[in-house]
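# Geometric and topological summary
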Amino acid sequence: MKRRKRSIKETVEHPTRRKWIEALWHSSEALSPKRFHSEFLDAETASHSTAVYHVEVLVSEGIATLDRAVQGGSGGRESFFVLGGPNSVEALRRLELTTT
């Protein structure tokens, strides 16, 4: 199924995506959905899948990029994301997270 293209404004206004962007902005290292879920989301109201879905939206909207994927100890892969892409600066501006 093809995803509908969102405006940057609509993308950053979603509470979970806003948290993702703020977490990536303030983090000194790339974040995985697992770490984001444990540190920034309420585990009782949001699942790990929710964290994965919303970072994938940020990637598809050009706000975040995959930094690296590593093989986990149990055979699974863990992906790490950073701010980046053609719309990341606009997203930061809309959230007033700029340095100026």
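Please refer to the structure placed before this passage.
By convention here, each chain's residues receive numbers from 1 onward along its written sequence. Confidence filtering applies because this is a predicted model: local features only for residues at pLDDT of at least 70, side-chain atom pairs given and counted only at 80 or more, and all residues used for totals across whole chains, interfaces and linings. Computation of side-chain values covers all heavy atoms of the structure but excludes hydrogens and water.

All right, on to the nonpolar core then. Core analysis: the biggest nonpolar cluster contains 20 residues, and Val12, Trp20, Ile21, Phe36, Leu58, Ile63 and Ala91 have the highest contact counts within it. Where helices and strands are cited, they refer to DSSP runs of H or I of at least four residues and of E of at least two residues respectively, numbered from the N terminus. Looking at this core, the elements with two or more residues in it are helix H1 (8-13), helix H2 (15-26), helix H4 (48-60) and helix H5 (88-94). Residue contributions to this core peak at 4 residues, all from H2. Setting aside anything within four residues of it in sequence, one finds alanine 91 in contact with Ile8, Val12, Ile21 and Ile63. Among buried residues, those of type Ala, Val, Leu, Ile, Met, Phe, Trp, Tyr and Cys that are joined through side-chain atoms within 4.5 Å constitute a nonpolar core. For each residue, the accessible area found with a 1.4 Å probe, counting protein chains only, is set against the maximum for its type, and the residue is called buried under 20%, exposed over 50%, and partly exposed in between. Throughout, a residue-residue contact means that at least one pair of heavy atoms, one from each residue, lies within 4.5 Å.

The next thing to look at is the environment of glutamate 39. Looking at the secondary structure, you find glutamate 39 in helix H3 (residues 33-40). A sequence separation of 23 residues divides glutamate 39 from threonine 16, and the C-alpha atoms of the two residues are 13 Å apart. Among the polar contacts listed, one links the side chain of glutamate 39 to the side chain of arginine 35, at a separation of 2.9 Å. We define a polar contact as two N or O atoms separated by no more than 3.5 Å, with the added condition that, inside protein, one atom must be a possible hydrogen donor and the other a possible acceptor, whereas residues neighbouring each other in sequence contribute only through side-chain atom pairs.

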